[in-house]
Amino acid sequence: MPKISRKTVVTVLLYVGAVVIAPLFSKAPFYRHVLIMVGLYGLLGVAWNIMGGYTGLYSFGQSAFFGIGAYTSTMMLVKAGVSPWIGMLCGGILAAIVAAGVAYPTSRLRGPYFTIASQAFARTFQILMTNWDYVEGAIGIPLPLMPDTWRFMQFKDKIPYHIIIFGLLGIAILVCYYIANSRTGYYFRAIRDSEQVASALGINTVRQRIIAAMLSAFFTAIAGTFYAQYVLYIDPESVTHHALSIEIVMVAAVGGAGTIWGPVLGAAILMPISQYARAALGGAGRGIDLIIYGVIIMVIALVRPTGILGFFQRERTIEGEGGDDVDTTITAGTGSDDAVRGALGQS
Amino acid sequence: MLVNVGLVQALMSGLLMGFVYSLIALGLSLIYGVMDVVNFAHGEFLMLGMFLAYWFSVLFRLDPLIAIFIIIPVLFLVGVGIYKGLIKRILNGTRISQILTTFGLSVFMANMAMFLWTPNYRLAERHLTSTTGDLSIFGVYLGVPELIASVGSILVFAFAYYLIRFTRTGRAIQATSIDSEGARLVGINIDNIYAITFGLGISCVGAAGVLLATFYYIFPYVGTFFSMIAFATVALGGFGSVEGSFVAGILIGIIESLGGFFISPAVKYAIVFMTYMVVIILRPATGLFGW
C-alpha cells in the first residue's frame, strides 16, 4: 500500500476541485455534454492504459468490453427491471471473465500480433451481436424511460451524469495509482519492458497478463453501462464498433500511455476537438475530427511515442512509472532495471 | 445433387475471391517480411485503389482494366513517397510508435476519403466489358466481374512474384529480407530497397482494389475490413512468406464462402476471424506454412 503523501492529497483536491468547477463555466447543455464525454473517454483511456500503457499489450478491441457493459446492464433493466448500478457491476464482472477467456489463449502473442488478434476478437463480437435476435440484433434497444432517479441512473439534467462519470473516473484513477505502486504494477511493467526477462525472474507472465486484461475490461464495461444510461439507446453499431476501439487507443496514446494522467489529458484534448468539429461542420465535416486525430497520432508517434505527457516527463520518471516504451533509448535501461528490482521486491 | 451444385458453387466463388485476397495479402506480407513493419494502413491503400478506379471511370471514361496500368505506377510512387516521408522514420522506432504511426495513417486516409468523397457507396463503371452476366459451366455460375478480378489478381501476383524471385532488384529484396546488415555489406542500398518494397506492396493491394472496384462497393471505410482479411490471410500463410500468402488467400476465400454456405452468410466473416484467431493462437508468427 503506497503511503498517503501530501502530493496525493493535493492531487485528489485538485481533481475534485476541477470536476466541481468545470461545469460552472457555462450552462449550455452542449458544453456539459462535452465535459461528460471527456470523463467517459478519460475512463476508457485509463482502462486501456492498464493493458496498453503498463503491460505493453496494445488492445485494439476494447469496444467488445464496452459493448458487454452496455448490453448487460440494459438487458437486465429491460428484461428484469434491475437497477443499472447492479447491471454495471454485473457487466464489469462478465467483461472481466470474457477478457480472461480471451487473454489466456492469446497470452503468447506480442506486439502487433496481439493488436491484430484483439481487433479480430472485437469484430467477431460485433458480428455476433448484430446477428443475435435475443438482444434485438442490428435494430438496437431503446432503454425504457424511468423516473428521474439515482436508482435507475436516468436524469433530465446533465449534472448527475457529470458527477457519476467523474466519480467513476476518480475510482479508476485511484485503482491505477494503487496498481502502479504495487507489486502487480511492477510485474506489469516488467512484462512490458521484456517478457522474457520477467518470465526468467519467475513472474507468471500469463497470469499477470490475464489480470491486466480483466482489470482493463472491467472498467471499460462500466463505461459501457454509463454510456447506455446516458444515451438511452444502444445498438451494435454504436457500442461495439471498431471506431470506438480506435478512439480509446488515441485518447491514451495522445495523452501518454503508461502514465496515470495521460489518458485523462488525452481525452481533455481530443474530445472537445471531435465534439466541436462535429457540431460546427455537421454532415459536411464528417470525419474531420478523425482526420485531425490521425495527424496528431502520427506526429506524436514520430516525435515522442510517450504522448503529450512525455514532453513534460523527459528523462525523469515520476513515482517510478517509466512512461517510455521498452525500446526507447532514454530511459530503457533505468526503466527496466527499476521494474525488475520492484518485481523482485528489492526497491 | 442440388446440394452438391450449391457446394461447388460456393467453393468456386470462394476460390475466385481467394485469388484477390492472395494479392492483398502479398503486399502486407512483403512489407512485413522485408521491413519488419506491420502496415495497419494496408486496407486503406486498397480503398485508394478502388476510388482511383472509380474516378478514372467517371472522369476519363476509362475502364478499370485499362486504368489499372496507370494506377499501379501511381500507387507505387505514392508508396515510395509515404515510405520516404513516414515509414522510414519509424523503422528503428519502438513497436508502439510503429503501430500508432501506420494506424494513424489508416485513420487519416479513411477519414480524408470520407471528407472528400462522402460516405456514399459507389461502383466503378465498366466501359470495355459491358457484360455483367454470369458464365455457366456445368451448371455452376461464375460472375464475369469476379472472374475478371481473380484472373487479374493472378496475373498481378505472378508479375510481382517474377519481380521478387527473378530480377536483380528482387534478389536484393530477398537478401534484405533475410539479413539487412548482410545485404548492406555486399553493397545493396537498403534505403532504396525498402522504398521499392513499400511501393511494390502498396501497388499490389491497390491493384486488388482496382480489380474489386467493378463489383465490390466502394466507400471510405472499406479498407478497415480488408485490413482484417489481409491480417488473417498473412497470419495463416506466415508473415513474410510470398507463397504462403497465395495459398492462404485461397483458403480464406474458401473458408468464407463455405461458412456462408453451411452456417449463414451474415456470420461468414466472424468465421474467418475465428479461424484466424485459432491459427494465430496455435502457431503464432509462423502460420500454417511457416516453421
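Use the structure listed above.
Owing to the predicted nature of the structure, the values given are computational and were not obtained by experimental measurement.

What counts and what doesn't
- Residues numbered from 1 in each chain as written.
- Chains lettered and ligands numbered in written order.
- Predicted model: local features only at pLDDT ≥ 70, side-chain atom pairs only at ≥ 80, totals over all residues.
- Helix = DSSP H or I, 4+ residues; strand = E, 2+ residues; numbered from the N terminus.
- Rg over C-alpha atoms; globule rule 2.2 N^0.38 Å.
- Buried ≥ 20, exposed ≤ 12 C-beta atoms within 10 Å, placed from the backbone.
- Contact = placed C-beta atoms within 7 Å.
- Axes fitted to C-alpha atoms, helices over the stretch in contact; angles between N-to-C directions.
- Nonpolar A, V, L, I, M, F, W, Y, C, P; charged D, E, K, R; others polar.
- Expected span 1.5 Å × (residues − 1).
- Core = buried A, V, L, I, M, F, W, Y, C linked by C-beta atoms within 7 Å.
- Parallel < 35°, antiparallel > 145°, perpendicular 65-115°, else oblique.
- Left-handed = near helix turned anticlockwise from the far one by under 90°.

With respect to the overall build of chain B
Next, step 1: Within chain B one finds 11 helices and 2 strands.
Next, step 2: Starting at the N terminus, the α and β elements of chain B follow one another as α-α-α-α-β-β-α-α-α-α-α-α-α.
Next, step 3: In summary, chain B has a C-alpha radius of gyration of 19 Å against a globular reference of 19 Å for 291 residues, a match within 12%.
Next, step 4: Here chain B, with 291 residues, has 55% of them falling under the buried criterion.

Considerations on the overall build of chain A
Next, step 1: Within chain A, the secondary structure is distributed over 15 helices and 2 strands.
Next, step 2: Of all 347 residues assigned to chain A, the portion counted as buried reaches 53%.
Next, step 3: In chain A, the share of contacts with a sequence separation of at least 24, taken over all contacts with a separation of at least 6, comes to 73%.

A few points about unusual backbone geometry
Residues and elements named next belong to chain A.
Next, step 1: Residues other than glycine seldom take positive phi values, yet Glu136 does so here, at roughly 70°.
Next, step 2: Locating Glu136 in the fold gives a position in the loop between α5 (111-130) and β1 (141-142).
Next, step 3: For Glu136, a count of 18 C-beta atoms within 10 Å gives the class partly exposed.

Considerations on the environment of His241 of chain A
Residue and element names in this part refer to chain A.
Next, step 1: Examined against the element boundaries, His241 turns out to sit in the loop between α10 (236-239) and α11 (242-255).
Next, step 2: In sequence terms His241 and Met51 are 190 residues apart; their C-alpha atoms lie 20 Å from each other.
Next, step 3: Ignoring sequence-local partners within four residues, the contact set of His241 consists of Ser63 and Gln126.

Observations regarding the interface of chain B and chain A
A common way to express how large an interface is: the accessible area buried when the components associate.
Next, step 1: Across the contact, 36 residues belong to chain B and 40 residues belong to chain A.
Next, step 2: A per-element tally of the side of chain B that touches chain A places helix α4 (residues 95-117) of chain B first, with 14 residues.

Let's talk about the environment of Ala301 of chain A
Next, step 1: In this fold, Ala301 of chain A is placed in helix α13 (residues 288-303).
Next, step 2: Between the C-alpha atom of Ala301 of chain A and that of Val254 of chain A, which follows or precedes it by 47 residues, the distance is 8.6 Å.
Next, step 3: In contact with Ala301 of chain A, other than residues within four places in its own chain, are Ser97, Leu100, Thr101 and Gly104 of chain B.

Comments concerning the packing of helix α3 (residues 63-80) of chain A against α5 of chain A
Any two packed helices are characterised by how steeply their axes cross, that is the angle between the axes, and by the distance between the axes.
Residue and element names in this part refer to chain A.
Next, step 1: Axis separation between α3 and α5 bottoms out at 8 Å; the angle between their running directions is 35°. Two secondary-structure elements touch here, α3 through Ser63, Ala64 and Gly67 and α5 through Phe121, Ala122, Phe125 and Met129.
Next, step 2: Here the contact of α3 with α5 is built from residues that sort into 5 nonpolar, 2 polar and no charged.

Description of helix α11 (residues 268-282) of chain B
Next, step 1: Between its first and last C-alpha, α11 of chain B extends 21 Å over 15 residues, near the 21 Å set by a 1.5 Å rise per residue.
Next, step 2: By the burial criterion, the buried members of α11 of chain B are Lys268, Tyr269, Ala270, Val272, Phe273, Tyr276, Met277, Val279 and Ile280 of chain B.
Next, step 3: Structurally, α11 of chain B contributes buried residues whose contacts are with α5 of chain A together with α9 (222-237) and α10 (242-262) of chain B.

Some thoughts on the nonpolar core
Next, step 1: Counting residues in hydrophobic clusters, the biggest one holds 211 residues, and the most contacted among them are Leu43 of chain A together with Ile24 and Ala232 of chain B.
Next, step 2: Sequence-distant contacts of Ala232 of chain B, that is, excluding residues within four places in its chain, are made with Ala120 of chain A together with Ile252, Val272, Phe273 and Tyr276 of chain B.

Observations concerning helix α4 (residues 84-103) of chain A
Next, step 1: An ideal rise of 1.5 Å per residue puts 28 Å on 20 residues; α4 of chain A measures up with 27 Å between its terminal C-alpha atoms.
Next, step 2: Packed against the buried residues of α4 of chain A are α3, α5 and α9 (205-231) of chain A.

Re the packing of helix α2 (residues 42-59) of chain B against helix α8 (residues 190-212) of chain B
Residue and element names in this part refer to chain B.
Next, step 1: Contact geometry for α2 and α8: axes closest at 7 Å, N-to-C directions at 45°. In terms of axis orientation, α2 runs oblique to α8. With respect to the hand of their crossing, α2 and α8 are arranged in right-handed fashion. Residues His42, Phe45, Leu46, Met47, Leu48, Gly49, Met50, Leu52 and Ala53 of α2 form the contact with α8, whose own contacting residues are Ile202, Val205, Gly206, Ala207, Ala208, Gly209, Val210 and Leu212.
Next, step 2: Split by residue class, the contact of α2 with α8 holds 13 nonpolar, 4 polar and no charged.

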